[in-house]
Amino acid sequence: MKPIHPNGLHETVADIVRELGDKVNVRTATLDQPEQGLPDEILNQTDVLIWWGHCAHDKVEDGLVSKIQERVLKGMGLIVLHSGHYSKIFRRMMGTSCDLRWRDDTYERVFCISPNHPIAKGIPEHFDLGIEECYGERFDIPQPDEVIFEGWFDIGEVFRSGCVWNRGYGKVFYFQPGHETNNAFQNQYIRQIIKNAVEWIAPAVYRDSMGSPHINPTLEELRK
């Protein structure tokens with residue numbers, strides 16, 4: 001991973017987002033940091049959380065997963081990349097196993113099938129990604145609100161590679177490319193998609209509380 005991501009994959013992704021300039025303030029978090037890099041004061045200031053994970057999914061604390069879930073339901077955007085499909089937080093947000101088929105070292109072409117979606121801005125009808133880890137159907141996820149990208153692999157597999165869901169007041173975007181030993185994050189279109197996603201998924205407003213189990217007063221009652 002070092003030759004492709006000399007400062008770590010998290011810094012590679014962070015540098016992509018930093019290309020948005022003054023629009024963003026970027027922090028990185030890793031599991032070896034105190035409170036796994038996301039103490040309450042940082043999580044509660046985060047508008048968009050990008051999650052990439054691989055072999056350490058089980059090391060993420062369940063309490064942190066619950067805090068992230070609550071933050072998404074209140075409005076925070078969540079972007080999950082590549083093998084983050086099997087992270088605790090993505091499975092929690094989907095409510096399914098998120099299992100899929102996979103095979104290393106295949107050739108991928110990405111098709112943009114929802115060109116009017118803001119995440120697809122500036123992305124051509126299709127582009128060749130090159131060597132990437134193949135993910136294949138069936139991808140055990142709930143029906144997406146929209147599928148923006150589909151991947152085709154030279155071994156005949158196809159995959160819903162870019163999907164969005166609304167969850168509470170927040171939004172979730174899953175994007176398949178990004179295997180740690182390949183060059184997906186150096187591809188100009190992958191970088192543009194990630195930047196587009198950050199801008200689109202950022203919340204317009206937050207809800208401080210998800211409410212309590214009672215019937216709220218009607219507008220007519222409030223006017224009395």
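A.B. asks: Explain the pairing of strand S2 (residues 77-81) to me, using residue names and the numbers behind them.
C.D. replies: Working note: regular strand, side chains alternate between the two faces of the sheet. By the criterion of burial, S2 is predominantly enclosed, with 5 of the 5 residues buried. Neither face of S2 is exposed, since Gly-77, Ile-79 and Leu-81 on one face and Leu-78 and Val-80 on the opposite face are all buried. Chirality of the crossover, the property in question, places the unit of strand S1 (residues 48-52), helix H3 (residues 62-74) and S2 among those that are right-handed. In terms of strand pairing, S2 meets strand S7 (residues 170-175) through 4 bridges, oriented parallel. Following the sheet pairing, Ile-79 is matched in S7 by Phe-173.

A.B. asks: I'd love a proper account of the environment of Ala-204, names of residues and values included.
C.D. replies: When you line up the elements, Ala-204 lands in the loop between helix H5 (188-201) and helix H6 (219-223). The exposed category is assigned to Ala-204, whose relative accessible area is 79%. Sequence separation of Ala-204 and Gly-75 is 129 residues, and the distance between their C-alpha atoms is 8.1 Å.

A.B. asks: Run through H5, naming residues and quoting values.
C.D. replies: Residues that lie three or four places apart on an α-helix share one face, since the helix turns once every 3.6 residues. Taking 1.5 Å as the rise per residue, H5 with 14 residues should run 20 Å; its terminal C-alpha atoms sit 20 Å apart, in good agreement. Residues of H5 that are buried make contact with helix H1 (9-18), S1, S2, strand S4 (126-136), strand S5 (146-153) and S7. Capping the start of H5, Asn-187 holds a side-chain oxygen 2.8 Å from the backbone nitrogen of Tyr-189, two or three residues further along.

Thresholds applied
Residues numbered from 1 in each chain as written. Predicted model: local features only at pLDDT ≥ 70, side-chain atom pairs only at ≥ 80, totals over all residues. Heavy atoms only, no water. Buried < 20%, exposed > 50% of the residue type's maximum accessible area, 1.4 Å probe, protein only. Helix = DSSP H or I, 4+ residues; strand = E, 2+ residues; numbered from the N terminus. Right-handed = clockwise from strand over helix to strand, strands pointing away. Pairing = 2+ DSSP bridges. Expected span 1.5 Å × (residues − 1). Contact = heavy atoms within 4.5 Å. Polar contact = N/O pair within 3.5 Å; in protein donor to acceptor, adjacent residues only side chain to side chain.

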